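Topology and contacts: notes
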Amino acid sequence: MLTRLRHALTPLRAVALAYVGLMLLVLLLAPLISPHDPLTQDVANRLQSPGAGTHLLGTDELGRDILSRVIHGARVELLIALGATALAMVLGTLIGLLGGYFGGLVEVLTMRVLVDVLLAFPPIILVLLAVTLRGPGTLTLIVAMGVLFAPTFARIAYGQVISVKRLEYVEAATAFGAPTRTRLLGVILPNISAPLIVQVSLTIATAILLESGLSYLGLGVVPPTPSWGSMVAQGQRYLSSDPHVLLVPGAFVVLTILAFGLVGDALRSGLDPKSRNMR
């Protein structure tokens, strides 16, 4: 499998993978690599251009170091995106496994009632409702987006279970008396994991975009915690005079979403035989 993944890594995808690895390091090491306190204000040096003084990417309207805020904003974005994706993967995969394996009433309750009802509502409406009821915050966003993205994982898992549950290795596990939990988690799940892994990277990109949009609207992370979306919202007032205040966080939003999307494409090409044959 590693050989197939290596062949799927085009130069552009390799750059995207390196960028994703860098962002994960930022998630872990943000307090250590941040050159300044992201919340410290220095009004005397507000709206400095990139490279001025000790501020590599300049300062914002309150004199806060933009690079430090971008670094800590990356930590917030990735924490929410990874948390929401992990929750969605666990919930959705469990629902899809149960519905696909047992069928009948279980399938109706999981796939036809729970999943289809969630998919019937516009995603942004569900998140806005959760934020309105619980108030903006990291935990609220993780739970709301995790529930929102779970139906996608459920549908993928459900379709894969339907296609493999009658195969020989599953029937052999049944014949040898393996309990249901072992058949689901030890036999079926490892053999349907490839499309779920691909979906993880694509969901992370979607979660970053959604969180940035909510923060832009003032419904995301509570200020003064840095967030790329809120930085873009604050910087739009200075687009004509000091465009770096908006363009720097906006560029990181675009690059991060693009990088995770390219990594997802690489995983799809490396793990999906049909995708490899079409290249």
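Rules used throughout
Residues numbered from 1 in each chain as written. Predicted model: local features only at pLDDT ≥ 70, side-chain atom pairs only at ≥ 80, totals over all residues. Heavy atoms only, no water. Patch = residues over 30% accessible without salt bridge, like charges linked within 9 Å, V, L, I, M, F, W, Y side chains within 5 Å. Areas by Shrake-Rupley, 256 points an atom, 1.4 Å probe, with all protein chains shown as cover. Salt bridge = Lys/Arg side-chain N within 4 Å of Asp/Glu carboxyl O. Helix = DSSP H or I, 4+ residues; strand = E, 2+ residues; numbered from the N terminus. Buried < 20%, exposed > 50% of the residue type's maximum accessible area, 1.4 Å probe, protein only. Axes fitted to C-alpha atoms, helices over the stretch in contact; angles between N-to-C directions. Parallel < 35°, antiparallel > 145°, perpendicular 65-115°, else oblique. Left-handed = near helix turned anticlockwise from the far one by under 90°. Contact = heavy atoms within 4.5 Å. Nonpolar A, V, L, I, M, F, W, Y, C, P; charged D, E, K, R; others polar. Phe/Tyr/Trp six-rings, centres within 6.5 Å; stacked < 30°, edge-to-face > 60°. Core = buried A, V, L, I, M, F, W, Y, C linked by side-chain atoms within 4.5 Å.

1. A few points about a nonpolar patch on the surface
Together, Leu22, Leu25, Leu28, Leu29, Leu32 and Ile33 line one region of the surface with nonpolar side chains, adding up to about 600 Å² of accessible area. Positionally, Leu32 belongs in helix α2 (residues 11–33). Given the relative accessible area of 71%, Leu32 is considered exposed.

2. As for the packing of helix α4 (residues 104–120) against helix α6 (residues 138–164)
In contact at an axis separation of 9 Å, α4 and α6 are set at 135 degrees when each is read in the N-to-C sense. Our classification of the angle between α4 and α6 gives oblique. Here the hand of the crossing between α4 and α6 comes out left-handed. Across the interface between the two elements, Glu107, Met111, Arg112, Val115, Asp116, Leu118 and Leu119 from α4 touch Val147, Pro151, Ala154, Arg155 and Tyr158 from α6. Here the contact of α4 with α6 is composed, by residue class, of eight nonpolar, no polar and four charged.

3. Quick look at the packing of aromatic side chains
Counting across every chain of the model gives two aromatic pairs. Ring plane angle 90 degrees and centroid distance 5.3 Å describe the contact between Tyr101 and Phe102, whose orientation is recorded as edge-to-face. Between Trp228 and Phe252 the ring centres are 6.0 Å apart and the planes differ by 35 degrees, which places this aromatic pair in the tilted class. Of this pair, Trp228 sits in helix α10 (residues 228–235) while Phe252 sits in helix α11 (residues 244–271); the two residues are 24 residues apart in sequence, bridging distant segments of the chain.

4. What to know about unusual backbone geometry
Going from Pro223 to Pro224, the amide bond is cis rather than trans, its omega being 5 degrees. Examined against the element boundaries, Pro224 turns out to sit in the loop between α9 (193–216) and α10. The phi angle at Leu47 is positive, at roughly 55 degrees, despite the residue not being glycine. With respect to the helices, strands and loops of the structure, Leu47 is situated in the loop between α2 and α3 (66–102).

5. Details of the nonpolar core
Met145, Ile188 and Ile192 are the most contacted members of the largest nonpolar core, which totals 62 residues. The element best represented in this core is α3, accounting for 13 residues. The contact partners of Met145, leaving out residues within four places of it in the chain, are Ile80, Ala84, Val127, Ala207, Leu210 and Glu211. The next biggest cluster of nonpolar side chains, apart from the first, holds five residues, and it includes Ile95, Val115, Ala154 and Tyr158.

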